[in-house]
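A closer look at the structure
Here is what each chain is made of, one letter per residue.
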Amino acid sequence: MIYTGVDGEKVFSVEKPFLKKDWRATKKLGKKICVIPSDLCLVKVEQAFSKKISEIKSFYTLDVEERYGRVNWDVSLHNDLVFLGVYRNFTAQDCFNVELEVFALARVLQVLGYQDGYLLDMGRRKTTLVKCEGGLLKSYRVILKGGDYLTDVVSQKRGITKEHAERWKIEKGLELEEVLQGIKHILSSVGLSAESEPLILSGGGSKTKDLKDLLPKAESHHFCEPELTSAFGASLKFIVKNPYPDFVKRELTDKELKVSAILAATSMSLFFASYLLLGFLWSSQKMESIEREEFKKTFPNEPIVSLYDQVKSKVSTGEPYELTKKLSELTKRVKQGVKIYSIEFAEGSLRIKGEGKEEVVSLMKPQKVKKTPTGSVEFELEIK
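Residues numbered from 1 in each chain as written. Predicted model: local features only at pLDDT ≥ 70, side-chain atom pairs only at ≥ 80, totals over all residues. Heavy atoms only, no water.

Describing the confidence of the model for the protein chain
Rules: Predictor confidence is given residue by residue as pLDDT, running from a minimum of 0 to a maximum of 100. Numbering of helices and strands runs from the N terminus, with a helix taken as a DSSP run of H or I at least four residues long and a strand as a DSSP run of E at least two residues long. Residue contacts follow a heavy-atom distance rule, with two residues in contact if any of their heavy atoms lie within 4.5 Å.
For the protein chain, mean pLDDT is 83; residues scoring 70 or higher make up 79% of the total. Ranking the elements of the protein chain by mean pLDDT puts helix 10 (residues 307-316) last, at 47, and helix 7 (residues 229-235) first, at 97. Residue range residues 271-284 is modelled with pLDDT below 50. Its contacts to residues more than four positions away, or to other chains, number 9 contacts.

What about the sheet that holds strand 3 (residues 24-26)?
Worth spelling out the cut-off: Any two strands with at least two DSSP bridges between them are considered paired. Convention adopted: a line fitted to C-alpha atoms gives each axis, helices being fitted over their contacting stretch, and angles between N-to-C directions are expressed from 0 to 180 degrees.
Taken in spatial order, the 5 strands make up an open sheet running 3-2-1-4-8, and their pairing is mixed. Every interior strand has two partners, whereas the edge strands, strand 3 and strand 8 (97-100), have only one. Each adjacent strand pair in this sheet contributes to an overall mean axis angle of 30°, direction not counted. Here strand 2 (residues 10-15) runs beside strand 3; their pairing, made up of 3 bridges, is antiparallel. Bridge assignment links Glu15 to a residue of strand 3, and that residue is Arg24.

Some thoughts on the sheet that holds strand 16 (residues 368-371)
Strand order in the open sheet formed by 4 strands is 14-15-17-16, and the pairing between neighbours is antiparallel. A single partner strand is all that each edge strand has here, and the edge strands are strand 14 (339-346) and strand 16. Here the average twist between neighbouring strands, direction ignored, is 15°. With 7 bridges connecting them, strand 14 and strand 15 (residues 349-356) associate as antiparallel partners. Directly across from Ile340, in strand 15, lies its bridge partner Gly354.

Some thoughts on the state of the cysteines
Put simply, the rule reads: The rule for a disulfide is simple: a pair of cysteine sulfur atoms within 2.5 Å. Throughout, exposure labels follow a simple rule: accessible area from a 1.4 Å probe, protein chains only, divided by the maximum for the residue type, with under 20% read as buried, over 50% as exposed, and the rest as partly exposed.
Enumeration according to the criterion identifies 1 disulfide in this entry. For Cys34, the disulfide goes to Cys95, at an S-S distance of 1.6 Å. Here Cys95 lies in the loop between strand 7 (81-87) and strand 8 and Cys34 lies in strand 4 (residues 31-36), a separation of 61 residues in the sequence. Exposure remark for Cys34: the relative accessible area of 7% places this residue in the buried category.

Right, dumping it as structure tokens:
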């Protein structure tokens with residue numbers, strides 16, 4: 001299996017051979033896992049108030065909607081910790097799955113063998129600091145200042161073009177006082193000191209000349225170029241196991257819907273077949289007499305018909321059962337490419353919730369539709 005982490009235009013792929021525990025980097029492209037930038041994410045690590053994930057999800061369903069409105073989110077439970085991940089304003093195109101950048105960076109620390117430590121990712125437009133304890137994400141900070149910010153400072157201080165300032169920044173690094181003070185400001189803003197250890201550097205900004213003089217205890221990693229660190233961490237999402245939210249939507253496919261209908265019909269058939277068999281084995285004149293007496297008490301004005309005959313007549317007429325009939329109708333109304341997330345049968349109605357393209361969903365004539373940030377629509381369909 002091959003997974004490819006995608007961070008903007010930067011990609012990194014890993015391959016996990018079948019039936020083997022190890023993995024290796026590869027130039028091939030596989031299932032894409034898109035990185036959600038840290039400035040578009042909100043991640044919380046909190047003490048769990050319950051040991052039941054169903055109760056945790058019920059609570060955060062209301063909490064997230066009340067606090068942040070319409071967003072994408074997921075939550076996971078690990079021992080006594082809850083990991084909540086939220087993101088918005090990001091459209092995942094042609095992606096098998098998504099990964100929050102914060103979780104991807106924390107995974108890199110784990111792969112490097114650090115139970116406790118920091119990873120400082122210095123990008124072009126932002127800087128992210130991730131802290132891990134016990135091999136898991138503890139906290140993080142992100143500020144919207146990175147390489148472009150340093151270039152702007154040099155340009156303004158020196159009165160030169162941004163192109164000229166960019167070249168100077170790369171050539172001279174911390175020799176330029178503006179760059180030195182700019183990086184000190186960034187480190188202070190994310191809460192990192194020169195004494196912080198262990199500290200791993202990543203991102204294009206980690207290549208800044210003489211940066212190691214300012215952070216003497218910092219180290220680089222050898223798995224990939226610094227700019228590819230987030231993509232690298234995302235590519236390992238389904239290979240290096242973590243208890244973080246996976247943002248995998250549990251859905252029912254068309255095939256599963258048909259199987260459900262078949263199972264429902266089969267279960268009903270087995271029930272009545274068992275009843276008829278028991279009636280044949282245990283029937284007697286005494287039991288028939290009791291049945292007749294009880295039927296007469298309940299329906300005094302109706303002709304006496306044995307329970308056996310009632311069941312037999314229902315089966316022999318071929319009358320479809322309520323749930324089976326509605327499931328059969330559902331398989332006809334659901335269109336190809338639509339994702340089904342839940343099915344509920346209550347009070348004689350079958351209610352379905354799912355998501356799909358607007359032009360496809362409209363053909364199903366659902367009762368409710370709502371547009372999502374990704375351009376698709378969520379729908380509710382009720383079959384009475």
